[in-house]
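Take a look at the letters that make up each chain.
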Amino acid sequence: MFSRRSLLLLLLSVCSLTAPSLTLPFEQRGFWDFAMDGEGGDLSTVMMRDEEGSAMEELPPDVSICPFGCQCQLNVLQCSDLSLTAVPRDIPRDTKLLDLQNNRITELKENDFKGLTNLYALSLVNNKISKVHPQAFTPLRHLKKLYFSRNLLTVVPKNLPPSLVELRIHENRIKKVAEGTFSGLGSMNCIEMGGNPIQNSGFEPGAFKGLKLNYLRISEAKLTGIPKDLPDSLHELHLDNNQIQAIELEDLSHYKHLYRLGLGFNHIRMIENGSLSYVANLRELHLENNRLTRVPRGLPDMKYLQVVYLHSNNISRVAINDFCPQGFSMKRSFYNGISLFGNPVNYWEVQPATFRCVGDRLAIQFGNYKK
């Protein structure tokens, strides 16, 4: 059995910032996704009673009382699924993790988080918030994670805490990201803003200025091309489920640090020759469920590319040098995944040498094409 001090140390160690997901989009199932990964144990409120169990003991002056209906334990305040219409009052000032998801909160007011200088993570997922006071987040000087998904926001809230590292605002109603929206957020590492009805014109020049992101997802939006002036520090860029029609020569010219690029489920018909040469360090490329008629040019020159998703396109032919360089010395990493199923290509006509730089034949997926 852990002591209180040991359990607190365990909680804080699990809460430390981790790298963004390498595969599927973020989907928060509960508050503990960013707190204790489901190992939080019982959060039931502990009622303090006297020996006869008839009355609550008088608390010393420095002990905080848990807001009605919420559950408090080890600097964690869980107030989810309570049909709250406002942020509870008298939140204990030592709270580090605050869960307000799955309520009916419509507005964040100026003093809602007053005194919560120790707050590390805040979940407001699945509320009805459409209005945020410009100074609502001012007290949160140590906030690292803000989960604001599935609300009614039309703009990114102003004056986010400079300490913020991770922002999730997908599935809102954001149509515009103004210049300077993220100014002063030099510690930001991850932004998830998919599921918003934003078009390319909704990103003003300088919208991402000053950010040094590793991870950015703008999936399920209304983009018709790769947005301009995204942070050049990006390691992962996910633009799947949009209406992108082509990748032009300069679209990827600023993103030499990318190692994962998601462009699946778009309308891409053309990838201009040379456009992939700017992302020479890419490890994983998603182009599935588009309208390509051939394997993109330039793949053999990508020394580190290991996974390519090309299934469910209109590719009818695979040439012997479409994937692998002619000299083995040019390829630093063998492929461990190439998906070509759902294309009108006769796999029995593809020469075996086409996949000479694939580590395992089971990594190649063909077949299952239906007109």
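Residues numbered from 1 in each chain as written. Predicted model: local features only at pLDDT ≥ 70, side-chain atom pairs only at ≥ 80, totals over all residues. Heavy atoms only, no water.

Colleague: Even after reading the chapter, I still don't get the overall build of the protein, so can you show me in this structure?
Modeller: Helix and strand counts for the protein stand at 1 helix and 18 strands. Across the 371 residues of the protein, 47% fall into the buried class. When the accessible surface of the protein is summed, it comes to about 19300 Å², and 48% of that surface belongs to carbon and sulfur atoms. (Helix = DSSP H or I, 4+ residues; strand = E, 2+ residues; numbered from the N terminus. Buried < 20%, exposed > 50% of the residue type's maximum accessible area, 1.4 Å probe, protein only. Areas by Shrake-Rupley, 256 points an atom, 1.4 Å probe, with all protein chains shown as cover.)

Colleague: It is not clear to me how the side chain of glutamate 192 should be interpreted in this structure. Could you clarify?
Modeller: Among the structural elements, glutamate 192 can be located in strand S9 (residues 190-192). The class for glutamate 192 is buried, based on a relative accessible area of 2%. Side-chain polar atoms of glutamate 192 contact the side chain of arginine 217, separated by 3.2 Å. (Polar contact = N/O pair within 3.5 Å; in protein donor to acceptor, adjacent residues only side chain to side chain.)

Colleague: How should I be thinking about the state of the cysteines in this particular structure?
Modeller: Per the counting criterion, the structure on display carries 3 disulfides. Here cysteine 66 engages in a disulfide with cysteine 72; their sulfurs sit 2.0 Å apart. Between cysteine 66 and cysteine 72 the disulfide shows an S-S torsion of about 85°. By sign, it is right-handed. By relative accessible area, cysteine 72 is classed as partly exposed at 28%. Shown here is the disulfide that connects cysteine 70 with cysteine 79, its sulfur atoms set 2.1 Å apart. Taking the sign of the S-S torsion, about 115° here, the bridge from cysteine 70 to cysteine 79 comes out right-handed. (Disulfide = S-S within 2.5 Å.)

Colleague: It is not clear to me how the nonpolar core should be interpreted in this structure. Could you clarify?
Modeller: As a rule of thumb, nonpolar side chains are buried together in soluble globular proteins. Leu108, Leu122 and Phe323 are the most contacted members of the largest nonpolar core, which has 86 residues in total. Not counting chain neighbours up to four residues away, the residues in contact with leucine 108 comprise Val87, Phe113, Leu124, Ile129, Lys131, Val132, His133, Ala136, Phe137 and Phe148. (Core = buried A, V, L, I, M, F, W, Y, C linked by side-chain atoms within 4.5 Å. Contact = heavy atoms within 4.5 Å.)

Colleague: What's the story with the confidence of the model for the protein in this structure? I'm lost.
Modeller: Regions with low pLDDT carry predicted coordinates that are not meant to be interpreted in detail. Per-chain confidence: the protein averages 85 in pLDDT, with 81% of residues scoring 70 or above. Overall, residues 1-62 carries pLDDT values under 50, and its contacts beyond four positions in sequence, including any with other chains, amount to 87 contacts. (pLDDT = per-residue confidence, 0-100.)

Colleague: Would you mind going over unusual backbone geometry with me for this structure?
Modeller: Across residues other than glycine, the phi torsion is negative in most instances, and most of the peptide bonds are trans. The phi dihedral of leucine 74 is positive, around 50°, even though this residue is not glycine. Note on placement: leucine 74 falls in the loop between strand S1 (71-73) and strand S2 (76-78). Classification of leucine 74 as buried rests on a relative accessible area of 11%. A positive phi angle, near 55°, is found at aspartate 90, a position not held by glycine. Following the sequence through the fold, aspartate 90 ends up in the loop between S2 and strand S3 (97-99). With a relative accessible area of 68%, aspartate 90 lands in the exposed category.

Colleague: Explain the environment of threonine 293 to me, please; I cannot follow it from the model alone.
Modeller: Residue position: threonine 293 is located in the loop between strand S15 (284-286) and strand S16 (307-309). Placed 23 residues apart in sequence, threonine 293 and serine 316 show a C-alpha to C-alpha distance of 6.6 Å. Once residues within four sequence positions are removed from consideration, threonine 293 is found in contact with Asn314, Ile315 and Ser316.

Colleague: How should the pattern of salt bridges be read in this particular structure?
Modeller: Side chains bearing opposite charge may pair, as long as their charged atoms lie close to each other. For the structure shown, the criterion picks out 10 salt bridges. Taking the shortest distance from any N to any O, the salt bridge between aspartate 251 and lysine 228 comes out at 3.2 Å. Taken together, the positions of aspartate 251 in the loop between strand S12 (246-247) and strand S13 (260-262) and lysine 228 in the loop between strand S10 (215-217) and strand S11 (236-238) put the pair 23 residues apart, joining distant regions of the chain. Its relative accessible area of 56% is what places lysine 228 among the exposed residues. Arginine 260 is the partner of glutamate 236 in a salt bridge, and the nearest nitrogen-oxygen pair spans 3.3 Å. Of the two residues, glutamate 236 sits in strand S11 while arginine 260 sits in strand S13, which places them 24 residues apart along the sequence. Take glutamate 236: its relative accessible area is 1%, and that puts it in the buried class. Here arginine 260 falls in the buried class, since its relative accessible area comes to 8%. (Salt bridge = Lys/Arg side-chain N within 4 Å of Asp/Glu carboxyl O.)

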